[in-house]
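# Notes for the structure review
This is what each chain is made of:
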Amino acid sequence: APNKEFVGWVGAGVAEPTFSSTTVSMTNPRVLQATFRDAHYDVTLTTSGGNGTLNGAGSYPIGSTPTVTATPGTGFEFAGWQGVGLADANATSTTTGALSGDVAYVAVFRPKSYSIEANATTGGNVSLQPGPYLYASQYDLNASPWRGHNFAGWTSETNSTAPLSSTSDANVTLTPVDDAKFTAT
């Protein structure tokens, strides 16, 4: 039957009840019934480039149009879908796919990029590796006091100094988790 798939045989004496072609032991009169169900296609979801939560994987009847959703994890943003038959692969994290067979869709995530600014008060200079500044990556931030001046510490105008490996060392590692503005004093 169109759009149906074989499930199994019901009845006594069937050698392999889940095989569509099997043998039957005819030691007694037998009544057998072949069972079918609506044919299904499988939708598999995976991620690339980061982490997130995916919804919509599973088995769907032929002719259905399942909805798939990708929700980025902390520090990541949705960048697009990869896969055949998607209605809108790049515009949104929720889309639909037309099934003509088993499909595998990939949700692409990328780390968020943050604005990081570093300044020095009078008496020194700062240097910061050039960006972009990506979530959870590490960048060197260095303060160089001028002759006759001492480095006192780092302060933050936009959030906590938690992204810094130290607030008292002149040469630190910065691990962005949000936009930030730091000042060496």
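Fair warning: this is a prediction, and the values are worked out from it, not measured in the lab. (Residues numbered from 1 in each chain as written. Predicted model: local features only at pLDDT ≥ 70, side-chain atom pairs only at ≥ 80, totals over all residues. Heavy atoms only, no water.)

The next subject is the side chain of Thr-95. Inspection of the secondary structure assignment puts Thr-95 in strand 8 (residues 94-96). Residue classification places Thr-95 among the buried residues on the basis of a relative accessible area of 5%. Each residue touching Thr-95, except ones within four places of it in the same chain, is listed here: Pro-66, Thr-67, Val-68, Trp-81, Leu-86, Ala-87 and Asp-88. (Helix = DSSP H or I, 4+ residues; strand = E, 2+ residues; numbered from the N terminus. Buried < 20%, exposed > 50% of the residue type's maximum accessible area, 1.4 Å probe, protein only. Contact = heavy atoms within 4.5 Å.)

Taken together, Val-24, Met-26 and Leu-32 make up a surface patch of nonpolar side chains, about 250 Å² in accessible area. Here Val-24 shows up in the loop between strand 1 (4-10) and strand 2 (33-38). (Patch = residues over 30% accessible without salt bridge, like charges linked within 9 Å, V, L, I, M, F, W, Y side chains within 5 Å. Areas by Shrake-Rupley, 256 points an atom, 1.4 Å probe, with all protein chains shown as cover. Salt bridge = Lys/Arg side-chain N within 4 Å of Asp/Glu carboxyl O.)

To continue, consider the environment of Gly-83. In this structure, Gly-83 sits in the loop between strand 7 (76-82) and strand 8. As a C-alpha pair, Gly-83 and Ala-104 span 21 residues in sequence and 6.3 Å in three-dimensional space. Setting aside residues up to four positions removed in sequence, Gly-83 forms contacts with Ala-104 and Tyr-105.

Quick look at the confidence of the model for the protein chain now. In this model, the protein chain carries an average pLDDT of 88, and 97% of its residues clear a pLDDT of 70 or more. Mean pLDDT across the secondary structure elements of the protein chain bottoms out at strand 17 (residues 180-184), with 82, and peaks at strand 4 (residues 52-55), with 95. (pLDDT = per-residue confidence, 0-100.)

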